[in-house]
Amino acid sequence: MDWLDRTAKLRQWSRDGVRAPHKPLLLLYALARFQADSEGGLRYSAVEADLKQLLAEYGPARGTTPAYPFHHLVSDDMWEVRTDRGTGSPGTGVRELRASGATGRLNPDLRVALGREPSLLGRMARVLLDLHFPPSLHQDLCEAVGLELELAETDSLAAPERRRRDPRMRDVVLTAYEYRCAFCGYDGMLGTMPVGLEAAHVRWWAFDGPDDVDNGLCLCSLHHKLFDRGVPGIGDGHRILVSQRFVGRSPAAREHVTSLAGRPLIGPQPGIRSIATAHRSWHLAEVFRGAPRPSTT
């Protein structure tokens with residue numbers, strides 16, 4: 001049974017690039033718990049708060065409930081649910097999941113495969129991370145679910161076929177923005193090499209974001225992480241938006257984040273395509289958190 005292929009083909013609600021990472025987050029959490037206790041189950045009432053927090057931190061801004069992936073992941077033949085009455089999920093009702101003692105665990109065949117081939121867990125996690133989240137969030141997400149492993153590279157012979165990244169993307173984007181962070185202007189070099197500067201996708205690669213300059217931003221490491229977490233966004237006129245949900249009381253937080261509200265992006269240089277409206281709109285709908293702060297300029 002090809003567990004990597006099943007992992008890559010989780011059945012998810014999908015429309016026009018709308019993010020629905022509910023099943024991937026639950027499966028990552030379940031893999032982490034399996035690593036810690038291969039015999040234990042996940043009682044809904046005990047893990048509900050953890051799953052809610054994961055969805056709040058790494059899902060879209062739209063409110064949702066972990067009851068949906070807890071019930072629907074069964075349809076992918078990688079997950080099972082039992083209640084105090086026996087086998088089978090009682091549905092997506094939160095009260096019924098709690099009252100019935102609903103407990104989920106990985107499919108028995110998958111548990112056997114993971115016991116027989118421990119490296120499979122890392123390869124499955126890598127598939128979930130690569131297909132549903134940008135690289136800047138991978139380590140944070142592993143820590144959030146409690147996954148303690150050096151993520152193994154997926155065996156190319158076993159992995160499902162994927163899009164190939166354009167290795168020129170970073171150089172093209174950094175050149176377009178003249179090696180300056182588009183938010184703060186940071187332009188650090190170590191000798192002749194830029195340091196702390198990264199090429200960020202506006203529409204994430206995992207959600208069909210192309211390796212094109214009009215989907216890229218040169219950002220410092222701090223602003224890349226914040227951008228992928230939905231703290232800043234890009235509004236009309238390519239002006240920076242800052243989420244009202246961000247709280248930072250220190251002078252550094254005000255200087256590097258909240259004071260950006262309303263500022264124009266720095267770059268790209270003349271003759272280079274600026275960020276496409278469709279990609280800006282996707283980020284605002286799927287990643288940006290809440291309403292923007294009033295402009296400070």
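Everything discussed here concerns the structure shown above.
These numbers were taken from a predicted model, which means no experiment stands behind them.

Procedures and definitions
- Residues numbered from 1 in each chain as written.
- Predicted model: local features only at pLDDT ≥ 70, side-chain atom pairs only at ≥ 80, totals over all residues.
- Heavy atoms only, no water.
- Axes fitted to C-alpha atoms, helices over the stretch in contact; angles between N-to-C directions.
- Helix = DSSP H or I, 4+ residues; strand = E, 2+ residues; numbered from the N terminus.
- Parallel < 35°, antiparallel > 145°, perpendicular 65-115°, else oblique.
- Left-handed = near helix turned anticlockwise from the far one by under 90°.
- Contact = heavy atoms within 4.5 Å.
- Nonpolar A, V, L, I, M, F, W, Y, C, P; charged D, E, K, R; others polar.
- Buried < 20%, exposed > 50% of the residue type's maximum accessible area, 1.4 Å probe, protein only.
- Phe/Tyr/Trp six-rings, centres within 6.5 Å; stacked < 30°, edge-to-face > 60°.
- Lys NZ or Arg CZ within 6 Å of the ring centre and 35° of its normal.
- 1 Å grid on protein atoms, 1.4 Å probe; cavity = no way out; pocket = protein on both sides within 12 Å on 5 of 7 lines; lining within 4 Å.
- Points joined across faces, edges and corners; volume = space filled by probe spheres on them.
- Patch = residues over 30% accessible without salt bridge, like charges linked within 9 Å, V, L, I, M, F, W, Y side chains within 5 Å.
- Areas by Shrake-Rupley, 256 points an atom, 1.4 Å probe, with all protein chains shown as cover.
- Salt bridge = Lys/Arg side-chain N within 4 Å of Asp/Glu carboxyl O.
- Core = buried A, V, L, I, M, F, W, Y, C linked by side-chain atoms within 4.5 Å.

### Considerations on the packing of helix H7 (residues 119-132) against helix H8 (residues 138-145)
Then, number 1: Between H7 and H8, whose axes approach to 11 Å, the crossing angle comes to 125°. Comparing their axes, H8 and H7 come out oblique. Crossing of H7 against H8: the hand is right-handed. Facing Arg126, Leu129 and Asp130 of H7, the residues of H8 in contact are His138, Leu141 and Cys142.
Then, number 2: A per-class count over the contact of H7 with H8 returns three nonpolar, one polar and two charged.

### Observations concerning the environment of Ser274
Then, number 1: By the secondary structure assignment, Ser274 is in the loop between helix H11 (251-256) and helix H12 (277-286).
Then, number 2: Overall, Ser274 belongs to the partly exposed group, its relative accessible area being 34%.
Then, number 3: With 11 residues separating them in the primary sequence, Ser274 and Ala285 have C-alpha atoms 19 Å apart.
Then, number 4: Setting aside chain neighbours within four positions, we find Ser274 in contact with Asp214, His238 and Pro268.

### Let's talk about the packing of aromatic side chains
Then, number 1: Evaluation of the coordinates by the stated rule reveals five aromatic pairs.
Then, number 2: Their ring planes at 80° and their centres at 5.1 Å tell us that Tyr44 and Phe70 sit as a pair that is edge-to-face. With Tyr44 in helix H3 (residues 44-58) and Phe70 in helix H4 (residues 67-72), the pair connects residues that are 26 residues apart, well separated along the chain.
Then, number 3: Owing to a relative accessible area of 0%, Tyr44 belongs among the buried residues under this scheme.
Then, number 4: The class of Phe70 is buried, set by a relative accessible area of 0%.
Then, number 5: Ring geometry for Phe183 versus Phe227: centroids 5.8 Å apart, planes at 70°, classification edge-to-face. Of this pair, Phe183 sits in the loop between helix H9 (169-176) and strand S5 (189-190) while Phe227 sits in helix H10 (residues 221-228); the two residues are 44 residues apart in sequence, bridging distant segments of the chain.
Then, number 6: Every member of this aromatic cluster is reached through a ring pair, and the members are Tyr44, Phe70 and Trp79.
Then, number 7: Just above the ring of Trp3 sits the side chain of Arg6; from NZ or CZ to the centre is 5.1 Å.

### A closer look at empty space enclosed by the protein
Then, number 1: Per the counting criterion, the structure on display carries two cavities of 30 Å³ or more.
Then, number 2: Of the pockets and cavities examined, the largest cavity occupies roughly 50 Å³.
Then, number 3: Considering the residues around the largest cavity, the lining is formed by Arg19, Glu57, Tyr58, Gly59, Leu137, Trp204, Asp228, Arg229, Glu286, Val287 and Arg289.
Then, number 4: In terms of residue class, the lining of the largest cavity is built from four nonpolar, one polar and six charged.
Then, number 5: Put simply, the second largest cavity is a space of about 30 Å³.
Then, number 6: Lining the second largest cavity we find His22, Leu25, Leu26, Leu51, Leu54, Leu55, Pro66 and Pro69.
Then, number 7: Of all the secondary-structure elements, those providing two or more residues to the lining of the second largest cavity are helix H2 (22-36) and H3.

### A few points about a nonpolar patch on the surface
Then, number 1: A grouping of Tyr186, Leu190 and Val195 is seen on the molecular surface, where their side chains present a nonpolar patch of about 280 Å² in accessible area.
Then, number 2: Here Val195 is to be found in the loop between strand S6 (193-194) and strand S7 (197-201).
Then, number 3: For Val195, a relative accessible area of 36% gives the class partly exposed.

### Notes on the nonpolar core
Then, number 1: Within the largest apolar cluster, 48 residues are counted, with the highest numbers of intra-cluster contacts made by Leu28, Phe70, Trp79, Leu106, Leu114, Met124 and Leu141.
Then, number 2: Of all the elements in the fold, those that place two or more residues in this core are helix H1 (3-8), H2, H3, H4, strand S2 (79-83), helix H6 (108-116), H7 and H8.
Then, number 3: For this core, the element with the highest residue contribution is H2, accounting for nine residues.
Then, number 4: Here Met124 is in contact with Trp3, Leu4, Thr7, Leu31, Met78, Leu110 and Leu114, once residues within four sequence places are set aside.
Then, number 5: One finds Ala176, Ala182, Val202 and Val242 within the second-largest nonpolar core, a separate group that totals 30 residues.

### Overview of the pattern of salt bridges
Then, number 1: Going through the model one piece at a time under the given rule, you end up with 14 salt bridges.
Then, number 2: We note a salt bridge from Glu117 to Arg123, for which the minimum N-O separation is 2.8 Å.
Then, number 3: For Glu117, a relative accessible area of 35% puts it in the partly exposed group.
Then, number 4: In this structure Arg123 comes out as buried when scored by relative accessible area, which is 12%.
Then, number 5: Glu178 is the partner of Arg180 in a salt bridge, and the nearest nitrogen-oxygen pair spans 3.7 Å.
Then, number 6: When its relative accessible area of 31% is taken as the criterion, Arg180 is described as partly exposed.
Then, number 7: Connected through salt bridges with shared partners, the residues Arg11, Lys23 and Asp76 form a single ionic network.

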